[in-house]
Amino acid sequence: MVFRRQSEPLESPVVAFDSVAAMPHEATLIYSTVLLRQAVFAFWWRSVGVSFFVALFIAAIGLVVLVALGQASWIIGVLAIVLAAGIGFAVAVYVVHYRNSLRKFRQMDTPRSTFRAEESSFTMSSDIGTTTLQWSTVKELWQFPSVWLLLYSKSQFTTLPVACLSPEIQAYIVQCVRTAGGKVDR
C-alpha cells in the first residue's frame, strides 16, 4: 500500500505495512516416523475418545457376567459382535491413518516440507508436491505437545511438528484458523 502526503510529489512514494499479518510466515517442517506415530496416535485418541473405550469396557463386563451366569441368549451374541466390531473399528482407524502417513513419508526423498502461511491461505511444499489451501478449509486445529493437526474433515488432517514452528508462526496459525471460522482445541 502506498501512502503520500498532499505536499509530496508522486516520484517519492512512502511504503508502509499495516501489520506483520500481511507478511508471509514460513517454516521448514521436519518429519520422522516417531513424529508421525505421535500425530496418528494423538488423532486416534481424540477421535475415538475415552467414552468409546468405556462403552467397550461396559459391553465386555456385560458379556463376561452373562457368560458366567450361564446365559445363552441373543444378547450374548449382540454383545460379542459389538465388542469385536468396536475393537476392530478402533484398530482400523489407527492402522489406516498410520499406513497413509507412512506411505506419504516414504515417498519423500528428504523428510522435509516448507510451510508458508499467508493471510488467506497456506502452502505446503515438499519434493513430492505442492498444495495451497485456503484457511477456511481448516475446520479445526488440534494442539498437542509435539504436533499440531490441521483437520479438514473428521478423517483428513495435516501434521505440523511444533518444534519447527516459532512462537510467532504458532500464534499466526491460531489467528488465521480462528479468523477463517475454524475451531482451535488444546
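Details of the structure are given in the entry above.
Just so it is clear, the model here is predicted, and its values are computed rather than measured.

Enquirer: Where do I start with the sheet that holds strand S5 (residues 121-126) in this structure?
Expert: Neighbouring strands of a sheet are bound in pairs by backbone hydrogen bonds; such pairs are parallel or else antiparallel. On the basis of which strands lie adjacent, the open sheet formed by four strands has the order S3-S4-S5-S6 and antiparallel pairing. Strands at the two margins of the open sheet, each flanked by one partner only, are strand S3 (25-30) and strand S6 (129-134). Averaged over all neighbouring strand pairs, the angle between strand axes comes to 15°, with direction disregarded. In terms of strand pairing, S3 meets strand S4 (residues 112-117) through six bridges, oriented antiparallel. Each bridged residue has a counterpart across the sheet, and for glutamate 26 the counterpart in S4 is arginine 116. Sheet strands in contact with helix H3 (residues 167-179) are S3 and S4, and its direction is about 105° off that of S3.

Enquirer: When you look at the pairing of S6 in this model, what are you seeing that I'm missing?
Expert: Successive residues of a regular strand alternate their side chains across the two faces of the sheet. Bridging between S5 and S6 involves six bridges; their strand directions are antiparallel. Its bridge partner lying in S6, methionine 124 is registered against threonine 131. In this structure, the hairpin formed by S5 and S6 is closed by a connection of two residues.

Enquirer: What's the story with the nonpolar core in this structure? I'm lost.
Expert: A general tendency of soluble globular proteins is for nonpolar side chains to be buried together. If you look at the biggest cluster of nonpolar residues, it comprises 38 residues, and the most contacted ones within it are Phe115, Trp135, Leu149, Leu150, Leu160 and Ile173. Setting aside anything within four residues of it in sequence, one finds tryptophan 135 in contact with Phe115, Ala117, Glu118, Glu119, Ser120, Ser121, Phe122, Ile173, Cys176, Val177 and Ala180. Grouped together as the second largest cluster of nonpolar side chains are six residues, Leu56, Ala59, Leu63 and Leu83 included.

Enquirer: Mind showing me how you'd approach the pattern of salt bridges here?
Expert: Opposite charge on two side chains lets them pair, provided their charged atoms get close. In total, this model carries two salt bridges according to the counting rule given. Between glutamate 118 and arginine 116 there is a salt bridge, with its nearest N and O atoms 3.0 Å apart. Look at arginine 116 and you get partly exposed, because its relative accessible area is 32%. Put simply, Glu26, Arg116 and Glu118 are held in one network by salt bridges that share partners.

The rules behind each value
- Residues numbered from 1 in each chain as written.
- Predicted model: local features only at pLDDT ≥ 70, side-chain atom pairs only at ≥ 80, totals over all residues.
- Heavy atoms only, no water.
- Pairing = 2+ DSSP bridges.
- Helix = DSSP H or I, 4+ residues; strand = E, 2+ residues; numbered from the N terminus.
- Axes fitted to C-alpha atoms, helices over the stretch in contact; angles between N-to-C directions.
- Contact = heavy atoms within 4.5 Å.
- Core = buried A, V, L, I, M, F, W, Y, C linked by side-chain atoms within 4.5 Å.
- Buried < 20%, exposed > 50% of the residue type's maximum accessible area, 1.4 Å probe, protein only.
- Salt bridge = Lys/Arg side-chain N within 4 Å of Asp/Glu carboxyl O.

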